[in-house]
Amino acid sequence: AEYDDMLKKALNGARFTKEEVIFLLKPEKDEMDALFQTADRIRKAVFGDYVHLRGIVEFSNFCERNCLYCGLRKNNRNITRYRLMPEEIVDIAAYAVSIGYKTLVLQSGEDSFYTTGLLCDVIKRIKERVDVAITLSIGERDFEDYRLLREAGADRYLIKQETSNRELYRKLHPGMSYENRIRCQKDLKSLRYELGTGNMVGLPWQNVETLAEDIIFFREMDADMIGIGPFISNPNTPLGRFPSGTVEETLKVLAVTRLVNPLVNLPATTALGSLDSFGRQKGLMAGANVVMPNVMPVNYRRLYEIYPSKICTGERPEACRHCIEGIINSIGRKVSTGYGESPKSLRRG
Ligand code: 5AD
Ligand code: SF4
Ligand code: FES
């Protein structure tokens, strides 16, 4: 009854405290469905039955960082590295648009081979050729770089906080700074990018309190998109001996994030789909309204190995496009034909 009252408060647009978010993250077994249904109701009130697709272009798996959890980390010698040349990136982007994507995410490790000038050129060439919204996901750069990329035509930027807990952030990210991560997100917002942040669920040393802090952090950052995925243990990393996160815990964080941030775009992530063959369906029924299929040619796919057992590594882009529409229709939803901009950014004008 107390849990149901809290869900009612969510439907009435309450602004929850951290203690309330912790409480929401701890439903009893028989309260879990009510949580997911409430998140689903809020999602439906904001977005209707439309699911937005974002095609991901994984254009380089080189990375200069050493995040403890990630298979692309610099010190991982157990991975074959590749870089796409600008022409290839533009061609893949144009092909993705031709099979029905209205938004693309250009993603890589932190790879300074791609100077800001080069990336500006790629963005301009894509936008000259096709009608598409462009999200960048290339890590930390300076304000001036972000400004130039925005000017070249980038519309959105995805840079996850991963964890909002300072000590845990430091432990997981050698040589990086919590403050700079936040500086990046603030710079991006001030440049009027649509901002994507997010976290991983089930990281070592994480607990329900730090997860509640993540959810409050997303609200304070006034993010447009929040990417939430399970941590998947990668044997080629220093965290390879820790257990992965679970589908259930990730769904709870996803649903509570929807209650606390009704207007954000929330993807049912590839990582969630990789832990459970129905993971993305479950996410879409617990608050998510976005899916981000891979649009890379098959020969590169298995090389972008952030974590093991990633889905879609053997599929062609058209196969994923078809598959994902089937998944969306099978749960009574529709693929959106728009760009899927954040309702917040529409309000900002
Ligand atoms: N499990 C799940 N997600 C991961 N990421 C990196 N490593 C892992 C992992 N082991 C995610 C992070 C990062 C993006 C590049 O991939 O959230 O933002
Ligand atoms: Fe590089 Fe991003 Fe992986 Fe960190 S999470 S090692 S920055 S690709
Ligand atoms: Fe790639 Fe289903 S989305 S196979």
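For the structure, check the block above.
My aim in this report is to walk through the structure given alongside it, one point at a time. (Residues numbered from 1 in each chain as written. Chains lettered and ligands numbered in written order. Predicted model: local features only at pLDDT ≥ 70, side-chain atom pairs only at ≥ 80, totals over all residues. Heavy atoms only, no water.)

Re the overall build of the chain
Right, so step 1: What the chain contains, in helices and strands, is 15 helices and 9 strands.
Right, so step 2: A total of about 14500 Å² of accessible surface is found on the chain, and carbon and sulfur atoms cover 50% of it.
Right, so step 3: Charge-centre separation for the chain: the mean point of 50 positive side chains lies 2 Å from the mean point of 46 negative side chains. (Helix = DSSP H or I, 4+ residues; strand = E, 2+ residues; numbered from the N terminus. Areas by Shrake-Rupley, 256 points an atom, 1.4 Å probe, with all protein chains shown as cover. Lys, Arg positive; Asp, Glu negative; His and termini not counted. Charge placed at Lys NZ, Arg CZ, Asp CG, Glu CD.)

Regarding the site of ligand 2
Right, so step 1: In the vicinity of ligand 2, the residues found are Cys63, Arg65, Cys67, Tyr69, Cys70, Leu72, Arg73 and Gly109.
Right, so step 2: When its residues are assigned to classes, the shell around ligand 2 shows 5 nonpolar, 1 polar and 2 charged. (Near = heavy atom within 4 Å. Nonpolar A, V, L, I, M, F, W, Y, C, P; charged D, E, K, R; others polar.)

Details of the packing of aromatic side chains
Right, so step 1: Taken as a whole and judged by the stated rule, the model has 9 aromatic pairs.
Right, so step 2: Ring pairs connect the aromatic residues Phe59, Phe113 and Tyr114, which therefore count as one cluster.
Right, so step 3: Over the ring of Tyr101 we find Arg321, and its NZ or CZ is 5.8 Å from the ring centre. (Phe/Tyr/Trp six-rings, centres within 6.5 Å; stacked < 30°, edge-to-face > 60°. Lys NZ or Arg CZ within 6 Å of the ring centre and 35° of its normal.)

A word on the site of ligand 1
Right, so step 1: Every residue lining ligand 1 is accounted for by Tyr69, Cys70, Lys160, Glu162, Met200, Pro230, Phe231, Ile232, Ile306 and Tyr307.
Right, so step 2: In this structure, Glu162 approaches ligand 1 through a side-chain N or O atom, which is 2.5 Å from an oxygen atom.
Right, so step 3: The separation between a nitrogen atom of ligand 1 and a polar main-chain atom of Ile232 is 2.8 Å.
Right, so step 4: Protein coverage of the free-state accessible area of ligand 1, which is 400 Å², stands at 83%.
Right, so step 5: A breakdown of the residues in the shell around ligand 1 according to their chemical character gives 8 nonpolar, no polar and 2 charged. (Polar contact = N/O pair within 3.5 Å; in protein donor to acceptor, adjacent residues only side chain to side chain.)

Some remarks on helix H5 (residues 116-129)
Right, so step 1: Along its 14 residues, H5 runs 20 Å from first to last C-alpha, staying within 8% of the 20 Å computed at 1.5 Å per residue.
Right, so step 2: Listed in full, the buried residues belonging to H5 are Thr116, Leu119, Cys120, Val122, Ile123 and Ile126. Along the axis of H5, the buried residues cluster in a sector spanning 160°; they form a single face.
Right, so step 3: Among the structural elements, strand S2 (55-60), helix H4 (86-98), strand S3 (103-108), strand S4 (133-137) and helix H6 (143-152) are those in contact with the buried residues of H5. (Expected span 1.5 Å × (residues − 1). Buried < 20%, exposed > 50% of the residue type's maximum accessible area, 1.4 Å probe, protein only. Arc of directions from axis to C-beta. Contact = heavy atoms within 4.5 Å.)

Remember that the coordinates give geometry; whether it matters functionally is a separate question.
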